[in-house]
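Residues per chain, in single letters:
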Number of protein chains: 2
Amino acid sequence: MGLRAANTIGAVKAKTRTADVEQVWEGLARAHASMTAALERDMVPEAGMPLAWYEVLLHLSRSEGRMLRYQDLAKVAGITNSGASRRLEQMTKAGLIERRSCPTDRRGVFAHVTSKGETAFSRAHTVFVKSLERNFGRRLQPGEAEMVSAALKRIP
Amino acid sequence: MGLRAANTIGAVKAKTRTADVEQVWEGLARAHASMTAALERDMVPEAGMPLAWYEVLLHLSRSEGRMLRYQDLAKVAGITNSGASRRLEQMTKAGLIERRSCPTDRRGVFAHVTSKGETAFSRAHTVFVKSLERNFGRRLQPGEAEMVSAALKRIP
DNA sequence: AATAGTTGCTTGCGCAAGCAAGTATCTAGT
DNA sequence: ACTAGATACTTGCTTGCGCAAGCAACTATT
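Reading guide: rules and limits
- Residues numbered from 1 in each chain as written.
- Chains lettered and ligands numbered in written order.
- Predicted model: local features only at pLDDT ≥ 70, side-chain atom pairs only at ≥ 80, totals over all residues.
- Least-squares fit on C-alpha atoms with pLDDT ≥ 70 in both.
- Contact = placed C-beta atoms within 7 Å.
- Near = placed C-beta within 6 Å.
- Nonpolar A, V, L, I, M, F, W, Y, C, P; charged D, E, K, R; others polar.
- Helix = DSSP H or I, 4+ residues; strand = E, 2+ residues; numbered from the N terminus.
- Pairing = 2+ DSSP bridges.
- Axes fitted to C-alpha atoms, helices over the stretch in contact; angles between N-to-C directions.
- Core = buried A, V, L, I, M, F, W, Y, C linked by C-beta atoms within 7 Å.
- Buried ≥ 20, exposed ≤ 12 C-beta atoms within 10 Å, placed from the backbone.

> I'd love a proper account of the relation of the copies chain A and chain B, names of residues and values included.
Mapping chain A onto chain B is achieved by rotating through 179° and translating by 0.0 Å along the same axis, at an RMSD of 0.1 Å. The two molecules are tied by a two-fold rotation axis, judged by turn and shift. Relative to the rotation axis, the closest C-alpha in chain A is found at A:Val148, a distance of 2.8 Å. Mapped onto chain B, 98% of the interface residues of chain A again fall at the interface, so both copies present the same surface.

> Talk me through the protein's contact with DNA strand D; I want residue IDs and the actual numbers.
Around DNA strand D, the structure places 20 residues, and the nearest of them are A:Gln71, A:Ser82, A:Ser85, B:Gly83 and B:Arg106. Partitioned by chemical class, the residues of the surface near DNA strand D number 4 nonpolar, 8 polar and 8 charged.

> Any details on the protein's contact with DNA strand C? Residues and values, ideally.
Close contacts around DNA strand C come from 20 residues, with A:Gly83, A:Arg106, B:Gln71, B:Ser82 and B:Ser85 the closest. Among the secondary structure elements, those contributing two or more residues to the surface near DNA strand C are helix 4 (81-93) of chain A together with helix 3 (70-77) and helix 4 (81-93) of chain B.

> How would you explain the sheet that holds strand 1 (residues 67-69) of chain B if you had to name every residue and give the values?
All names here are of chain B. What the 3 strands build is an open sheet, ordered 1-3-2; its pairing is antiparallel. At either margin of the open sheet sits one strand with a lone partner, and together these are strand 1 and strand 2 (97-101). When the angles between neighbouring strand axes are averaged without regard to direction, this sheet yields 30°. Pairing geometry for strand 2 and strand 3 (residues 109-113), over 5 bridges, is antiparallel.

> Can you explain the nonpolar core? Please cite residues and give values.
The biggest cluster of nonpolar side chains holds 77 residues, and the ones touching the most others in it are A:Tyr54, A:Leu57, A:Ala124, B:Tyr54, B:Leu57 and B:Ala124. Setting aside residues up to four positions removed in sequence, A:Ala124 forms contacts with A:Met43, A:Ala47, A:Met49, A:Tyr54 and A:Leu57.

> I'd like a rundown of the interface of chain A and chain B, residues and numbers included.
In this assembly, 46 residues from chain A lie in contact with 47 residues from chain B. For the side of chain A that touches chain B, the elements supplying multiple residues, two or more each, are helix 1 (18-47), helix 5 (115-136) and helix 6 (144-153) of chain A. The element best represented in the side of chain A that touches chain B is helix 1 of chain A, accounting for 15 residues. Split by residue class, the side of chain A that touches chain B holds 26 nonpolar, 11 polar and 9 charged.

> Residue-level account of the pairing of strand 3 (residues 109-113) of chain A, with values.
Pairing of strand 1 (residues 67-69) of chain A with strand 3 of chain A involves 3 bridges; the strand directions are antiparallel. Within the sheet, the bridge partner assigned to A:Met67 lies in strand 3 of chain A and is A:His112.

> An account of the environment of A:Ser131 is requested, with residue identities and associated values reported.
Residues and elements named next belong to chain A. Structurally, the position occupied by Ser-131 is in helix 5. For Ser-131, a count of 21 C-beta atoms within 10 Å translates into the label buried. Considering only alpha carbons, one finds Ser-131 and Ala-145, 14 residues apart in sequence, at a separation of 16 Å. Beyond its immediate sequence surroundings of up to four residues, Ser-131 is in contact with Ala-38, Leu-39, Asp-42 and Met-43.

> Describe unusual backbone geometry, and please don't skip the residues or the numbers.
With phi around 50°, A:Arg66 is a residue other than glycine that occupies positive phi space. Looking at where A:Arg66 falls in the secondary structure, it is placed in the loop between helix 2 (51-61) and strand 1.

Just distances and angles here, no functional claims.
Structural data, given as structure tokens:
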């Protein structure tokens, strides 16, 4: 569709060029490493949990009843089922979530946020947002953030 | 410049908002995971090496004399010195690089690309570019790639 | 030189993740 | 109802990485 971005009219070919995609990859990889490192560095001492746990709680908090099946959590978190099993086991030991048996399938397990988990998530969310804002918020021009996230949504 | 993504005109504030940065983070994390997985899936069987090795060879190939000190490689690759030591040891065993002693500092070691490494890198580069193009090239509009990489450069 | 402190690479250990195999449970076909 | 196969979570093994300690070599001071 007719989405036209900021192009010098004559100098840009009609097709996305190889070098452009390579540059996107390099920028993406670098930015991701940098953001992950900064977030982890802030989250662990200030929120008392690693980024990976925060992301679990984030997905759970967005879900119906604040719970998700283990396998569904694995899918949204982008890890394997065994990885989910172990990560959720740790979080259960830490009291942030609890196991709930699935009434319709006795093989299944729900991860459900405990009230302790909610409190911890709430604080962690504040830390997370502040870290994002402090480390990166000022670096992006007003409209840039929206453009970037719109473009990133196109990546499967 | 009249750059406009899909925004309601009056709804955009002058400042980058928290939610925007959060969306950038989520998009970035998702896109990075997706691209990494696709690249790894293509590289390992077709190029015969993991993405991590390709990136080492890429950095070396861009350097003066196709060689870098271990610690400098660690820096550009975004890993620790011990991580570099181990990764480069494996690549040395595989014959892609060789150790060269540094004439001005006998503690130092250069990683230098072997001719086997050059050949392997050349094939790997082809595979890499094709994978990028096949999986993601078509998803980005013509100017979008340039805009995104420009914006990503602002992230420290 | 001789010594103290620093730097560059290596190595022991632990953690987190993936794969593959194991166990319990479900589902379909008979 | 029975059985074969599929599915959901768990567990054993392996791998890759980071941290911290170690060793060798460098630099600065005496």
